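Here is what each chain is made of, one letter per residue.
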Amino acid sequence: MTGTVKVLVTGAAGQIAYSLLYSIASGNVFGKDQPISLVLLDITPMLGVLEGVVMELQDCALPLLKEVIATDKEEVAFKDLDAAILVGSMPRREGMERKDLLKANVRIFKSQGAALNKYSKKTVKVLVVGNPANTNCLIALKSALTIPRENFTCLTRLDHNRAVSQVAIRVGVDSAAVKKAIIWGNHSSTQYPDVHHATVNVGGQELPVFQAVKDDAWLKGDFISTVQQRGAAVIKARKLSSAMSAAKAICDHMRSFWHGTAEGDWVSMGVVSDGNSYGIPADLIYSFPVVIKNKSWKIVDGLNINDFSREKMLQTAKELVEERDMALEFVSESA
Ligand SMILES: NC(=O)c1ccc[n+]([C@@H]2O[C@H](COP(=O)([O-])OP(=O)(O)OC[C@H]3O[C@@H](n4cnc5c(N)ncnc54)[C@H](O)[C@@H]3O)[C@@H](O)[C@H]2O)c1
Ligand SMILES: O=C(O)CC[C@H](O)C(=O)O
């Protein structure tokens, strides 16, 4: 269909998708005038549920939604895509380590990377959400050698939004007043939420976050651990992992990827670490501050990094190196 953007959501019968699909189909991500063709992939046992989701999408009577394709077949799902949002995987339950997920989920992303390579447009923009998101993204990228590495990203915008919101609540301003927060590294409890470069608009005055909050101990302690542990806290409370906030963050991430970042701000995104200026090893999907223009991201280089930050940035990189090596072992075992 010419003029339409073809978007795949995997895990389409799951709880994140249930919050996400309406937002995409109503124009909140790709544009209020942009016709959408929506492809929904889930596993065969979920096809019945998926049928219900399709009925609901039809019943929303959304003018931009030109087509809905529901399938359990990768060769159908990945055909001619402009954007792929890879949510489908096994979520962590209470008491389960994120690393337990690696083995189960890595093979899904190997197969879906190969399907992207075979069936999608070479310009396809990929967002990996399913955990462990950074490493799953790396595995997909490595299985899609004819698609530029830069097209592969993973979701750390939820962590970014959590950091922004914690600061806004603390200062008593709305979240739009907080700019230039950063999530470094892995979407896991080793991530480093950094507000050394962030500002808050208080009563029309742009202040550094440390000056506005006036509580360095909180910013270097509970603030960081609250953001790092937020996913686990939501699982503990809901007995399910975050879904509404994850869907909102997916929309924010894809909107930024598609339309660019706002002047004077940046966003956090898991991207390939090759050639960064912060001493993070190459060949990882690591969350950096990025600015985006013409659907192409650039890591914000040259920020001043103190010893406190550097240590945390390297610690989360170390975890990603370990995850990558373990994932590559699982991939070679299953080959
Ligand atoms: N990166 C982030 O910020 C972030 C935030 C929240 C959740 N997550 C992760 O997102 C994932 C999905 O979470 P959820 O709450 O929607 O889970 P869910 O269990 O409600 O839904 C997952 C869906 O994926 C489907 N699925 C499983 N294997 C599949 C495959 N091979 N192909 C297509 N679909 C498949 C399942 O059948 C299910 O319908 C989990 O891995 C979760 O940990 C990531
Ligand atoms: O499994 C987790 O700890 C996190 C689940 C999800 O990625 C989140 O951040 O809410």
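Residues numbered from 1 in each chain as written. Chains lettered and ligands numbered in written order. Predicted model: local features only at pLDDT ≥ 70, side-chain atom pairs only at ≥ 80, totals over all residues. Heavy atoms only, no water.

A. Focus on the environment of I250. Considering the arrangement of structural elements, one finds I250 in helix α10 (residues 244-259). The exposure class assigned to I250 is buried, which follows from its relative accessible area of 0%. Excluding anything up to four places from it in sequence, I250 contacts I16, L20, I85, V87, L127, V129 and L155. (Helix = DSSP H or I, 4+ residues; strand = E, 2+ residues; numbered from the N terminus. Buried < 20%, exposed > 50% of the residue type's maximum accessible area, 1.4 Å probe, protein only. Contact = heavy atoms within 4.5 Å.)

B. Region of interest: the sheet that holds strand β7 (residues 178-179). Strand order in this open sheet of 3 strands is β7-β10-β11, and the pairing throughout is antiparallel. Unpaired on one side and paired on the other, β7 and β11 (205-208) mark the two borders of the sheet. Sheet analysis places β7 next to strand β10 (residues 199-202), joined by 2 bridges and oriented antiparallel. The residue bridging K179 from the neighbouring strand is T199, located in β10. (Pairing = 2+ DSSP bridges.)

C. How the structure looks around the nonpolar core. Formed by 107 residues in total, the largest nonpolar core has its most connected members in F30, L38 and I85. With 8 residues, the single largest contributor to this core is α10. Excluding anything up to four places from it in sequence, L38 contacts V7, L21, I24, A25, L57, L65, E67, V68 and I69. Listed in part, the 6 residues of the second largest apolar core include L102, V106, A327 and F330. (Core = buried A, V, L, I, M, F, W, Y, C linked by side-chain atoms within 4.5 Å.)

D. Layout of the layout of surface pockets. What the second largest pocket holds in volume is close to 420 Å³. If you go around the second largest pocket, you meet 21 residues; those closest to its centre are R157, H160, N161, D265 and V267. Elements with a minimum of two residues in the lining of the second largest pocket: α6 (157-171), β7 and α10. Split by residue class, the lining of the second largest pocket holds 7 nonpolar, 7 polar and 7 charged. (1 Å grid on protein atoms, 1.4 Å probe; cavity = no way out; pocket = protein on both sides within 12 Å on 5 of 7 lines; lining within 4 Å. Points joined across faces, edges and corners; volume = space filled by probe spheres on them. Nonpolar A, V, L, I, M, F, W, Y, C, P; charged D, E, K, R; others polar.)

E. Layout of the pattern of salt bridges. Considering all chains together, one arrives at 13 salt bridges under this definition. The closest approach of N and O atoms between K142 and D283, which form a salt bridge, is 2.9 Å. Highlighted residues: K142 in helix α5 (residues 133-142) and D283 in the loop between β12 (267-272) and β13 (285-293), separated in sequence by 141 residues. On the accessibility criterion, K142 (28% relative accessible area) is partly exposed. (Salt bridge = Lys/Arg side-chain N within 4 Å of Asp/Glu carboxyl O.)

F. Fine view of the site of ligand 1. Neighbouring residues of ligand 1: 26 residues in total, closest Q15, D42, S89, V129 and N131. G14 places a polar main-chain atom, nitrogen or oxygen, 3.5 Å from an oxygen atom of ligand 1. N131 places a polar side-chain atom, nitrogen or oxygen, 2.9 Å from an oxygen atom of ligand 1. Protein chains shield 89% of the accessible area of ligand 1, which is 870 Å² for the free molecule. Sorting the residues of the shell around ligand 1 by element identifies α1 (15-25) and α4 (98-119) as the ones contributing at least two each. Of the residues belonging to the shell around ligand 1, the class tally is 14 nonpolar, 11 polar and 1 charged. (Near = heavy atom within 4 Å. Polar contact = N/O pair within 3.5 Å; in protein donor to acceptor, adjacent residues only side chain to side chain. Areas by Shrake-Rupley, 256 points an atom, 1.4 Å probe, with all protein chains shown as cover.)

G. Representation of the site of ligand 2 in the model. Close contacts around ligand 2 come from R92, N131, R162, H187, G231, A232, I235 and S242, and that covers them all. Contact between ligand 2 and N131: an oxygen atom at 2.8 Å from a side-chain N or O atom of the residue. Side-chain polar atom of H187 to an oxygen atom of ligand 2: 2.6 Å apart, as the coordinates give it. Protein coverage of the free-state accessible area of ligand 2, which is 290 Å², stands at 89%. The element contributing the most residues to the shell around ligand 2 is helix α9 (residues 222-238), with 3 residues. Its residues assigned to classes, the shell around ligand 2 shows 2 nonpolar, 4 polar and 2 charged.

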